[in-house]
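# Summary of the model geometry
These are the residues of each chain, in order.
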Amino acid sequence: NRCGRMESPQVEDLKFTKKIVYAIASEQEYVTGLTSNCTSEVIAATGSTKEIRLYDYKTLQLAGSMKGHTDTIEEIKFSNLNPHILFSASQDKTIRLWDVRTRSQGPLYRGKKEFFTVGLNREDTMLASGNDGCIVVWDLRSTSLLRNLEFFHQDDITKVDFHPNGNIYSSSMDGTICSCDLNQADEEEALLQSFNLESGISQFEFFGQSSENFSAITTDQKLSLWTIDGSPIKDFGDFRPLISTEEFPIDYMVGLKYDDISNRLFALVGNYQGAMGLAEVTDELKPISSLDNGHTDLVRTFIWNFKEQKLITGGEDTCMCVWSVPSSDDSMDINVPSLKSNVRKEKKKNDKPSPY
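Residues numbered from 1 in each chain as written. Predicted model: local features only at pLDDT ≥ 70, side-chain atom pairs only at ≥ 80, totals over all residues. Heavy atoms only, no water.

## Brief notes about the overall build of the protein chain
Counting its regular elements, the protein chain contains two helices and 28 strands. Looking at the 356 residues of the protein chain, the share that counts as buried comes to 59%. Relative to all contacts within the protein chain whose residues are 6 or more apart in sequence, the contacts with residues 24 or more apart total 47%. Carbon and sulfur atoms make up 45% of the accessible area of the protein chain, which amounts to about 15,500 Å² in all. (Helix = DSSP H or I, 4+ residues; strand = E, 2+ residues; numbered from the N terminus. Buried < 20%, exposed > 50% of the residue type's maximum accessible area, 1.4 Å probe, protein only. Contact = heavy atoms within 4.5 Å. Areas by Shrake-Rupley, 256 points an atom, 1.4 Å probe, with all protein chains shown as cover.)

## Looking at the sheet that holds strand 13 (residues 145-149)
What the four strands build is an open sheet, ordered 10-11-12-13; its pairing is antiparallel. Looking at which strands have only one partner, the edges of the open sheet turn out to be strand 10 (119-120) and strand 13. Summarising the sheet, strand 12 (residues 135-139) and strand 13 pair through four bridges and their orientation is antiparallel. Counterpart to V136 in the pairing with strand 13 is N148. (Pairing = 2+ DSSP bridges.)

## Considering the sheet that holds strand 25 (residues 285-291)
The four strands lie next to each other as 22-23-24-25, forming an open sheet whose pairing is antiparallel. If you trace the sheet from one side to the other, it starts and ends with strand 22 (252-259) and strand 25, each paired once. Averaged over neighbouring strand pairs, the angle between their axes works out to 25° when direction is ignored. (Axes fitted to C-alpha atoms, helices over the stretch in contact; angles between N-to-C directions.)

## Quick look at the pairing of strand 28 (residues 319-324)
Burial of strand 28 is extensive: six of the six residues sit out of reach of the surface. With five bridges joining them, strand 27 (residues 310-315) and strand 28 adopt antiparallel strand pairing. Paired with G314 across the two strands is M320, which belongs to strand 28. Counted along the chain from strand 27 to the antiparallel partner strand 28, the turn is three residues long, and its residue T318 has a positive phi close to 75°.

## Quick notes on the side chain of S171
For S171, the position within the fold is in strand 15 (residues 168-172). Only 2.7 Å separates the side chain of S171 from the side chain of T158, close enough to count as a polar contact. Apart from the residues within four sequence positions on either side, S171 is in contact with H153, D156, I157, T158, K159, T176, I177, I201 and F204. (Polar contact = N/O pair within 3.5 Å; in protein donor to acceptor, adjacent residues only side chain to side chain.)

## Quick look at the environment of F207
In this structure, F207 sits in strand 18 (residues 201-207). Sequence-wise, F207 and K257 are 50 residues apart; in three dimensions their C-alpha atoms are separated by 8.1 Å. In contact with F207, other than residues within four places in its own chain, are E212, N213, F214, S215, L225, I233, Y258 and L265.

## A word on the pairing of strand 8 (residues 94-99)
Of all six residues in strand 8, six are buried; the element is thus mostly enclosed. A two-sided burial pattern is seen for strand 8, the buried positions comprising T94, R96 and W98 on one face and I95, L97 and D99 on the other. Here strand 7 (residues 85-90) runs beside strand 8; their pairing, made up of five bridges, is antiparallel. From the neighbouring strand, S88 faces strand 8, where its bridge partner is R96.

## Quick look at the nonpolar core
Grouped together as the largest cluster of nonpolar side chains are 19 residues, with contacts concentrated most on L223, L225, F239, M253, L256, L265 and V281. Contributing elements (two or more residues each) for this core: strand 20 (222-227), strand 22, strand 23 (264-270) and strand 24 (276-281). Of all hydrophobic cores here, the second largest spans 16 residues; its members include L268, L278, L298 and W323. (Core = buried A, V, L, I, M, F, W, Y, C linked by side-chain atoms within 4.5 Å.)

## Things to note about the confidence of the model for the protein chain
Looking at the protein chain as a whole, its pLDDT mean stands at 86, while 83% of the residues score no less than 70. Note on residues 1-13: pLDDT under 50 across the span, and 31 contacts to partners over four residues away in sequence or across chains. Under a pLDDT of 50 for its full length, residues 328-356 has, in the predicted model, 87 contacts with residues more than four places off or in other chains. (pLDDT = per-residue confidence, 0-100.)

## Some words on the pattern of salt bridges
Within the structure shown, the criterion is met by eleven salt bridges. Note that D132 is salt-bridged to K113, the shortest N-O span being 3.1 Å. Here the residue D132 occupies a position in the loop between strand 11 (126-130) and strand 12, and K113 occupies one in the loop between strand 9 (104-110) and strand 10, the gap between them amounting to 19 residues. Taking the relative accessible area as the measure of exposure, K113 reaches 41% and is therefore partly exposed. Across the salt bridge formed by E316 and R300, the nearest N and O atoms sit 2.8 Å from each other. Of this pair, E316 sits in the loop between strand 27 and strand 28 while R300 sits in strand 26 (residues 299-305), and the two are 16 residues apart along the sequence. The exposure class of R300 is buried, given its relative accessible area of 17%. (Salt bridge = Lys/Arg side-chain N within 4 Å of Asp/Glu carboxyl O.)

Structure representation (structure tokens):
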């Protein structure tokens, strides 16, 4: 069957329809990062420029922008607890703290190399990032450097995240995911485990009611599920043949997202023409719905609000698309021009290569 609705009653509540397509940038700017704050009031977006744009979550109207970085912004992330604080990691060797109310910068965290990712612990007391093999951790209360972990990875770090138990997990282009206990002073003793997936890792995501598992996607589009203690749950290998059809070919994984309300793990997949598919990840990939007639190029980022059943996607076509379950359409009052660019743009020389 085409990547569409399944018969299972467990997934009938996720038949998304497109609400609007909005061109949020110039024809030369990709949408590479989206994040929303903990109160679902503000959306922050980054593109292939050095600027952060802020949008009203309900109306999608532009609320302002913030400038300060001097090179490409790699990742943005809101505070877990404070809806006004945003962090951004950049190739300019800084991580910046922003107050989105005043569009002003707070403390500046500098490094010797470019930063690729932002990680925050659940209490918002520690900030972590990674560059070409090094994990850096700061104390947010004093802005002081806590750790500089140099020997876990041998290549660029693609993601750093804190597990609810306080340990740090990191993934790298060297094919490994490492877990670290920051309570151990010695770096060798701090390394708890290292998982070798044998291919560069583009992303991972904790899942399970106690975050007892994680999923991982490699740069060659292999999907695997693990427990956090290193036991394999499921190795799908290259997931694309498992979910592609002649009518609906799948080329890459946009991302994985865990819904702690329903205790289900979902995958958002896409093809090079901008069409997307939604699947549930169990011991198999179960297609749920197709999301097409929205984007016209690679989809790079998304926000999924499970409570409101809203999905917001951004891509290389300069567009941000909002998808919703019809029964909850009225909860988002969007009043912006419906615009879409069909221009495929040339890659800039300093653009980071597409993960897809």
